[in-house]
Amino acid sequence: MKIKEGYLYHISKDFFELVDDPNLPINHSGVHSRPSYFLVKDKALLWFIPLSSKVDKYKK
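Bear in mind that the values here come from a model prediction, so they are computed numbers and not experimental data. (Residues numbered from 1 in each chain as written. Predicted model: local features only at pLDDT ≥ 70, side-chain atom pairs only at ≥ 80, totals over all residues. Heavy atoms only, no water.)

**Comments concerning the overall build of the chain**
Here's step 1: The number of helices and strands found in the chain is 2 helices and 3 strands.
Here's step 2: In the chain, the succession of helices and strands from N to C terminus is β-α-β-β-α.
Here's step 3: Counting over 60 residues, the chain shows a buried share of 10%.
Here's step 4: A fraction of 40% describes how many contacts in the chain between residues 6 or more apart in sequence connect residues 24 or more apart.
Here's step 5: Surface accessibility of the chain: about 5500 Å² in total, with carbon and sulfur atoms responsible for 58%. (Helix = DSSP H or I, 4+ residues; strand = E, 2+ residues; numbered from the N terminus. Buried < 20%, exposed > 50% of the residue type's maximum accessible area, 1.4 Å probe, protein only. Contact = heavy atoms within 4.5 Å. Areas by Shrake-Rupley, 256 points an atom, 1.4 Å probe, with all protein chains shown as cover.)

**Here's the deal with the pairing of strand 3 (residues 45–50)**
Here's step 1: The sheet contact formed by strand 2 (residues 36–42) and strand 3 spans 6 bridges and is antiparallel. Bridged to V40 within strand 3 is W47. (Pairing = 2+ DSSP bridges.)

**Some words on the sheet that holds strand 2**
The strands that make up a sheet are held in pairs by hydrogen bonds between backbone atoms, and each pair lies either parallel or antiparallel.
Here's step 1: The antiparallel open sheet is built from 3 strands, whose spatial order is 1-2-3. The open sheet has two edge strands with one neighbour each: strand 1 (8–10) and strand 3. Recorded for the sheet is a direction-independent mean angle of 45° between the axes of neighbouring strands. (Axes fitted to C-alpha atoms, helices over the stretch in contact; angles between N-to-C directions.)

**As for the confidence of the model for the chain**
Here's step 1: The share of residues in the chain with pLDDT of 70 or more is 82%, and the mean pLDDT across the chain is 78.
Here's step 2: Per-element mean pLDDT across the chain ranges from 74 in helix 2 (residues 55–59) up to 86 in strand 3. (pLDDT = per-residue confidence, 0-100.)

**Focus on the packing of aromatic side chains**
Here's step 1: Under the definition given, this model contains 1 aromatic pair.
Here's step 2: Relative to F48, the ring of Y9 lies with its centre 6.0 Å away and its plane at 75°, an arrangement referred to as edge-to-face. With Y9 in strand 1 and F48 in strand 3, the pair connects residues that are 39 residues apart, well separated along the chain. (Phe/Tyr/Trp six-rings, centres within 6.5 Å; stacked < 30°, edge-to-face > 60°.)

Take a look at the structure:
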């Protein structure tokens, strides 16, 4: 898969099971089973930024 900057991505459940990091956003059950991420490239790094509708929660 070719990864392009400025697109939204869903990271597979397998990744979350492999990494097993409690600080990562959890997989949600339902139609959209994983958080959505926005990709930004900074030199050689790829930043996958989680998106959320809970703006007030993260403003704190």
